[in-house]
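Here are the chains, one letter per residue:
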Amino acid sequence: MSTELQTEILSVPEAAAARRSIRAYRPEPIPREDFERIFDAVRLAPSAFNVQPWRFVVVTDPELKATLGEAANGQRQVTGAPAVIVLYTDMKDVLDHVEDIVHPGVPADRRAATAAGFRSSWAAKSDAEREQWGAAQGYIALGYLLLTAASYGYATSAMLGFDAARVKQALGLPAHVAVPAMVAIGRGDEEGFTHHRHPLERIVSYR
Ligand SMILES: Cc1cc2nc3c(=O)[nH]c(=O)nc-3n(C[C@H](O)[C@H](O)[C@H](O)COP(=O)(O)O)c2cc1C
């Protein structure tokens, strides 16, 4: 991804081609409206049963970023980026408010039964199974986030190298939630590595 300030909005294939993990950032803060247009696209990500278990904490406070940086083994992009987005997933919140995800097209007399059916399908699962499943949905939002940010000219670095318990403690998140990723975001100050990917014939077959 170029370090030049990008003004045009990239298409999805353009953003996929331009995006690279960036670990050095310029200090300028990200305007709130930029976050809002990024998250407005991210919230449209699909998820199984439309559960939408993803939640985002945007961290710009230097002290909090320093704490997150320690939890992330000192990875320089955490303190160096103007913002770090903590993506967590909360299936307990989903199940406590199942009515919120029942589609408005479901007739009024079937809404309660639809919600009850969803709740009962999870009744036999442990908290850990539930949250692990929710985290998998969270990675769909992560993909949307990385691509949308690139589309608007923002560099990102997804991270899984952190102590989730410390991150949750720093942000006051409940113990049961999963933390699929943290994402450093800002205007990039390095080019990143060129793509190193499998060729199509290694990963795709047609039958
Ligand atoms: C879920 C996830 C977790 C990652 N965790 C880290 C990390 O903790 N630290 C890091 O430097 N890079 C991390 N990366 C970046 C990957 O190493 C990188 O995406 C991959 O090598 C491909 O390079 P590219 O993103 O520049 O195309 C992570 C990427 C993803 C998607």
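Parameters at a glance
- Residues numbered from 1 in each chain as written.
- Predicted model: local features only at pLDDT ≥ 70, side-chain atom pairs only at ≥ 80, totals over all residues.
- Heavy atoms only, no water.
- Near = heavy atom within 4 Å.
- Polar contact = N/O pair within 3.5 Å; in protein donor to acceptor, adjacent residues only side chain to side chain.
- Areas by Shrake-Rupley, 256 points an atom, 1.4 Å probe, with all protein chains shown as cover.
- Nonpolar A, V, L, I, M, F, W, Y, C, P; charged D, E, K, R; others polar.
- Salt bridge = Lys/Arg side-chain N within 4 Å of Asp/Glu carboxyl O.
- Helix = DSSP H or I, 4+ residues; strand = E, 2+ residues; numbered from the N terminus.
- Buried < 20%, exposed > 50% of the residue type's maximum accessible area, 1.4 Å probe, protein only.
- Core = buried A, V, L, I, M, F, W, Y, C linked by side-chain atoms within 4.5 Å.
- Contact = heavy atoms within 4.5 Å.
- Patch = residues over 30% accessible without salt bridge, like charges linked within 9 Å, V, L, I, M, F, W, Y side chains within 5 Å.
- Axes fitted to C-alpha atoms, helices over the stretch in contact; angles between N-to-C directions.
- Parallel < 35°, antiparallel > 145°, perpendicular 65-115°, else oblique.
- Left-handed = near helix turned anticlockwise from the far one by under 90°.

Draft legend 1. Representation of the site of the ligand. Around the ligand sit 13 residues, and of these S21, R23, Q75, L160 and R197 come closest. Within the contact set of the ligand, an oxygen atom lies 2.9 Å away from a side-chain nitrogen or oxygen of R19. Within the contact set of the ligand, an oxygen atom lies 2.6 Å away from a side-chain nitrogen or oxygen of S21. In the complex, the protein chains occlude 64% of the 620 Å² of accessible area that the ligand would expose alone. Looking at the shell around the ligand residue by residue, the classes come out as four nonpolar, five polar and four charged.

Draft legend 2. Region of the structure containing the pattern of salt bridges. Under the definition given, this model contains 10 salt bridges. In this structure, D34 engages R37 in a salt bridge whose closest nitrogen and oxygen atoms are separated by 3.6 Å. Of this pair, D34 and R37 are both found in helix α2 (residues 32–42), three residues apart, which corresponds to roughly one turn of the helix. R130 serves as the salt-bridge partner of D127, at 3.3 Å between the closest nitrogen and oxygen. Taken together, the positions of D127 and R130, both in helix α7 (residues 127–151) and three residues apart, correspond to about one turn of that helix. Note on R130: relative accessible area 13%, which makes it buried. Through salt bridges with shared partners, a single network forms among D127, R130 and E131.

Draft legend 3. Structural view of the nonpolar core. L68, V78, V86, V167 and M182 are the most contacted members of the largest nonpolar core, which totals 21 residues. Where this core is concerned, the elements lending two or more residues are α3 (62–71), β2 (83–89), β3 (155–159), α8 (164–171) and β4 (178–186). Once residues lying within four places of it in the same chain are set aside, the contact partners of V86 are R55, F56, V57, V59, L68, V167, L171, V179, A181 and M182. Ranked by size, the runner-up nonpolar core spans 20 residues in total, among them A83, I85, L87 and I185.

Draft legend 4. Seen up close, a nonpolar patch on the surface. A contiguous nonpolar surface patch, about 480 Å² in accessible area, is contributed by L200, I203, V204 and Y206. By the secondary structure assignment, L200 is in helix α9 (residues 200–203).

Draft legend 5. Representation of the packing of α2 against α7 within the structure. In the contact formed by α2 and α7, the axes pass within 9 Å of each other and the chain directions differ by 140°. In terms of their interaxial angle, α2 and α7 are classed as oblique. Taken as a pair, α2 and α7 cross one another with a handedness that is right-handed. Between α2 and α7, the contacting residues are I38, F39, A41 and V42 on the first element and A141, Y144, L145, T148 and A149 on the second. Residue composition of the contact of α2 with α7, grouped by class: eight nonpolar, one polar and no charged.

Draft legend 6. Quick look at the packing of α3 against α8. Close contact between α3 and α8 brings their axes to 9 Å; oriented N to C, the two are set at 165°. Between α3 and α8, the angle falls in the class roughly antiparallel. As α3 runs across α8, the sense of the crossing is right-handed. Facing α3, whose interface residues are L64, T67, L68, E70 and A71, α8 presents R166, V167, A170 and L171. Of the residues in the contact of α3 with α8, the class split is six nonpolar, one polar and two charged.

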